[in-house]
Amino acid sequence: MRQYNASKKMLVTGGAGFLGSHLCDRLIEQGHDVLCVDNFFTGTKRNIEHLLDHPRFELMRHDVTFPLYVEVDEIFNLACPASPIHYQHDPVQTTKTSVHGAINMLGLAKRVRAKILQASTSEVYGDPEIHPQVEAYWGRVNPIGIRSCYDEGKRCAETLFFDYHRQHELRIKVVRIFNTYGPRMHMNDGRVVSNFIVQALKGEDITIYGDGQQTRSFCYADDLVEAMLRMMNTGDEVPGPINIGNPGEFSMLELANKVIELTGSKSKLVRMPLPADDPKQRRPDISLAQKELGGWEPKTQLEEGLQKTIAYFDQILSESKAA
Ligand code: NAD
Ligand code: UDP
């Protein structure tokens, strides 16, 4: 595994969220100073409470749609709600978070000459005609639908990153993250893995949207964070975009049955309407990541990752019952 040579000042926007909090953990473990910036829209203090007393960790409540003046060496820009329920709650704010947030963080990077990584998404491919998705594919995104605030916001953020790179010679890193899951996902954020696990643990019906034949590829959080760290550490000739995710592809019916099997739940499957613009299939081609990120590949397969995630939600549910 690659290690950073020296301690640096790292800014993690969205650091109190699911992925951001795991990233903060790893950066602290590597000996860096971490400034976690979050407006707590979907993130929680609980995700980072174990870090609050750490001498190299600092938390700042701040909304990235406003300018930020700090001195840092590297920026991981993760601030943005990631689940459809949350990003559709205030779509204008979602676009602002991606676009104004990118402008503000790129402006900061330019001022302090920091290297900056953007957490982009497989959603830039929309409902893809190319399978698996390669980075060279430009995507098929509806510009005016209910997912567009997220998809187009992230696409525009990528544009801004590459324009700052070309125009201001900024050192950028763009990763396109495919569906990622694990402990610290928001319990009620409506994403499929958290929904199915919580429903199974509570013995409630498992909600299959549409016919359940649509597919996704699920990456465990630790594998994803490892790839982000390696990406930040690549040479300046590797700006991305690079897909990161786990190419194992499952239909939602397969996922539901796996969750039922692992939890031993008696939950039944129920059909619900398919949300608009729901992509039919998604699987990353990760050849570029394997080549550029020092032989990186996801190590945690679905069953093991689900077991760890089930254990996490089980604990959260028992705590909330006890409270
Ligand atoms: P999350 O919702 O748990 O984390 C996002 C964090 O950003 C939260 O802590 C939230 O409070 C914070 N935030 C939102 N708007 C903000 C603003 N205006 N200013 C400051 N903070 C703000 O989601 P996540 O799954 O951890 O996703 C992290 C990043 O990775 C996001 O940019 C997301 O688009 C991207 N991503 C995630 C996935 C995935 O499957 N988890 C897939 C593709 C891309
Ligand atoms: N999904 C489902 N039941 C749920 C939640 C989601 O069948 O309770 C489906 C959803 O329609 C989509 C897939 O699971 O096809 C992944 O949804 P998620 O919101 O997790 O991620 P995204 O659609 O952004 O990839």
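Everything that follows concerns the structure shown earlier in this document.
Residues numbered from 1 in each chain as written. Chains lettered and ligands numbered in written order. Predicted model: local features only at pLDDT ≥ 70, side-chain atom pairs only at ≥ 80, totals over all residues. Heavy atoms only, no water.

Engineer: Looking at this model, I keep getting lost on the state of the cysteines. Mind explaining?
Structural biologist: Here, disulfide denotes a covalent bond that connects the sulfur atoms of two cysteines. Taken as a whole and assessed by the stated rule, the structure comprises zero disulfides. Looking at the unpaired Cys156, the closest cysteine sulfur is the one in Cys80, lying at 12 Å. Judged by relative accessible area, Cys156 falls into the partly exposed class, the value being 30%. (Disulfide = S-S within 2.5 Å. Buried < 20%, exposed > 50% of the residue type's maximum accessible area, 1.4 Å probe, protein only.)

Engineer: How should the site of ligand 2 be read in this particular structure?
Structural biologist: Around ligand 2 there are 18 residues in total, and Asn195, Thr207, Arg216, Asp278 and Arg282 lie nearest to it. Contacts to ligand 2 include Glu123, whose side-chain N or O atom sits 3.2 Å from an oxygen atom. Val192 places a polar main-chain atom, nitrogen or oxygen, 2.8 Å from an oxygen atom of ligand 2. Of the residues in the shell around ligand 2, the class split is seven nonpolar, five polar and six charged. (Near = heavy atom within 4 Å. Polar contact = N/O pair within 3.5 Å; in protein donor to acceptor, adjacent residues only side chain to side chain. Nonpolar A, V, L, I, M, F, W, Y, C, P; charged D, E, K, R; others polar.)

Engineer: Please explain the site of ligand 1 as it appears in this structure.
Structural biologist: Close contacts around ligand 1 come from 30 residues, with Leu19, Asp38, Thr42, Tyr150 and Lys154 the closest. Between ligand 1 and the protein, one listed contact pairs an oxygen atom with a backbone N or O atom of Leu19 at 2.8 Å. Within the contact set of ligand 1, a nitrogen atom lies 2.9 Å away from a backbone nitrogen or oxygen of Val64. For ligand 1, whose free accessible area comes to 820 Å², the fraction covered by protein is 97%. Mapped by element, the contributors of at least two residues to the shell around ligand 1 are α1 (18–29), α3 (91–112), β5 (115–121) and α4 (148–168). The greatest single-element share of the shell around ligand 1, amounting to three residues, is contributed by β5. For the shell around ligand 1, the residue count by class is 14 nonpolar, 12 polar and four charged. (Areas by Shrake-Rupley, 256 points an atom, 1.4 Å probe, with all protein chains shown as cover. Helix = DSSP H or I, 4+ residues; strand = E, 2+ residues; numbered from the N terminus.)

Engineer: Mind showing me how you'd approach the pattern of salt bridges here?
Structural biologist: Pairs can form between side chains of opposite charge once their charged atoms are near each other. Within the structure shown, the criterion is met by 24 salt bridges. Lys115 is paired through a salt bridge with Glu74; the nearest N and O atoms lie 3.9 Å apart. You can see Lys115 sitting in strand β5 and its partner Glu74 sitting in strand β4 (residues 74–77), a full 41 residues away along the chain. For the pair Lys115 and Glu74, one class covers both residues: buried. In this structure, the salt-bridge partner of Arg155 is Glu152, at a minimum N-O distance of 3.5 Å. Taken together, the residues Arg155 and Glu152, both in helix α4 and three residues apart, mark about one turn of the helix. (Salt bridge = Lys/Arg side-chain N within 4 Å of Asp/Glu carboxyl O.)

Engineer: It is not clear to me how the pairing of strand β2 (residues 33–38) should be interpreted in this structure. Could you clarify?
Structural biologist: Counted residue by residue, β2 has five buried out of six residues, so it is predominantly covered. In the classification by handedness, the crossover that spans strand β1 (residues 9–13), the intervening α1 and the parallel β2 is right-handed. Where β2 and strand β3 (residues 57–61) come together, five bridges link them in parallel fashion. Bridged to Val34 within β3 is Phe57. (Right-handed = clockwise from strand over helix to strand, strands pointing away. Pairing = 2+ DSSP bridges.)

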